[in-house]
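# What the coordinates show
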Amino acid sequence: MKLNKIAKTLALAALTMAGSAQAQEVVRLGNLKFAHYGAVSYIKEIAPKCGIKVEEHVFAKGLDVMQAIIAGELDVGSTASEAAISGRAGGAPIYVVAGFAKGGARLVGRTDLKMKTVRDLKGKKVGVTRGGIQEVLLLAELQQAGLTASDQPGKDVQIVFLAYADLNQALLGKNIDAMMQSEPQSSQSINKGFGTEIIKPYDTPIGEPVRTMVMTEKFYKERRPVAEKFMRCFVEATRTFIDKPDVAEKYVREVIFKGQITKDDFQDAISNSPYSYDISPEHIQITTDVMAKTGVGKMAKPPVAKEWVKTDLLDQAKKSLNVK
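Report follows, based on the coordinates.

Analysis parameters
Residues numbered from 1 in each chain as written. Predicted model: local features only at pLDDT ≥ 70, side-chain atom pairs only at ≥ 80, totals over all residues. Heavy atoms only, no water. Core = buried A, V, L, I, M, F, W, Y, C linked by side-chain atoms within 4.5 Å. Buried < 20%, exposed > 50% of the residue type's maximum accessible area, 1.4 Å probe, protein only. Contact = heavy atoms within 4.5 Å. Disulfide = S-S within 2.5 Å. Helix = DSSP H or I, 4+ residues; strand = E, 2+ residues; numbered from the N terminus. Pairing = 2+ DSSP bridges. Axes fitted to C-alpha atoms, helices over the stretch in contact; angles between N-to-C directions.

The next thing to look at is the nonpolar core. Membership of the largest hydrophobic core comes to 98 residues, with the highest contact counts inside it found for Leu-121, Met-215, Phe-230 and Met-231. Contacts of Met-215, omitting those with residues within four sequence positions, involve Asp-75, Val-76, Pro-93, Ile-94, Tyr-95, Val-97, Tyr-220, Ala-227, Phe-230, Met-231 and Leu-313.

Structure representation (structure tokens):
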């Protein structure tokens, strides 16, 4: 009888320890709802075979992801580079550990205005989401074209700050004349006929902006084995989306967007924002310098990229999966 009690006690203790260990394997991921963020979302689908559980939390914009990280609510987050840079400058304890997509921005004008160059924006209202990489690219393009801009009347271009979800409707309703928009929304505006591409804004020093995967310093340093599993899972999910575009399309269109975007919308979006793995300190530093020049983020002390871009986990994961 006494032995049975001991056995039960030991079994209960083992279950408790197993449950505790399992709880430690949970990774809290912050993500955004865009076509090129699809592979990041897919991580949670294959996470069990990576030996982890991923809890995805979807936010409206990258700066919201940063706020959740600062609040201690996330371990990992996907965001555009400018949100990561602004977050680090504001004290967010993060490292950039990978890049998961390139491009993903487009300057689109009202079809009836027939604008063809950035200079055609003079005297116009241009919509953009405040604080996003799109704002950085828009201001950089306007500076290159010799145009002044403000959200108040009186400059060459009047900036109208709107949420990503509201930009297309504003263009359709002729409340703005052009927009610097993300994907798949910019592709949708073109495919539906109320928007026309002016440029893909990749001729600034930034080139194609790289979307960043960030990780908290605590997760990176104190939960190293779990961080390694997560990065391996990230590489595997991304490789799947690159090698099997049909899987990527089905998942993004049906699971993420619930049938709200067409096949053409998806394909056009991903042609302008392909999935990828890599990031470099040099790219983050150039983006930081352009942000400082354009005033986006209003950073008192811009962070130095080489101090917080850490690609060792990515390199290890790619090597283990034979990904180049």
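Moving on from the model shown.
Moving on, we get to the state of the cysteines. Following the criterion strictly, the structure yields one disulfide and no others. Each sulfur of the disulfide joining Cys-50 and Cys-233 lies 2.3 Å from the other. A torsion of 85° about the S-S bond marks the disulfide between Cys-50 and Cys-233 as right-handed. Here the residue Cys-50 occupies a position in helix α2 (residues 38-50), and Cys-233 occupies one in helix α9 (residues 224-243), the gap between them amounting to 183 residues. By the burial criterion, Cys-50 is buried, and Cys-233 matches it.

For the rest of this paragraph, the subject is the sheet that holds strand β8 (residues 157-161). Taken in spatial order, the six strands make up an open sheet running β7-β8-β6-β9-β5-β10, and their pairing is mixed. Looking at the sheet topology across the chains shown, the edges are occupied by β7 (149-150) and β10 (195-199). With four bridges connecting them, strand β5 (residues 106-110) and β10 associate as antiparallel partners. Across the sheet, residue Gly-109 finds its bridge partner in β10, namely Thr-196.

This next bit is on the sheet that holds strand β1 (residues 26-32). Pairing is mixed in the open sheet, where five strands are placed in the order β2-β1-β3-β11-β4. On the outer flanks of this sheet lie β2 (53-59) and β4 (94-102), each paired with one strand and no other. Averaged over all neighbouring strand pairs, the angle between strand axes comes to 20°, with direction disregarded. Here β1 runs beside β2; their pairing, made up of seven bridges, is parallel. For Leu-29, the partnering residue across the bridge sits in β2 and is Glu-56.

A word on the environment of Ala-89. Looking at the element boundaries, Ala-89 is found in helix α4 (residues 81-89). Separated by 214 residues in the primary sequence, Ala-89 and Pro-303 have C-alpha atoms spaced 5.5 Å apart. Residue contacts for Ala-89: discarding those within four places in its chain leaves Met-299, Lys-301 and Pro-303.

Here the focus is the environment of Leu-137. Here Leu-137 is to be found in helix α5 (residues 133-144). Linking Leu-137 and Phe-161, residues 24 residues apart in sequence, is a C-alpha distance of 14 Å. Filtering out sequence-adjacent residues up to four positions away, Leu-137 remains in contact with Ala-105, Met-180, Pro-201, Thr-204, Ile-206 and Pro-209.

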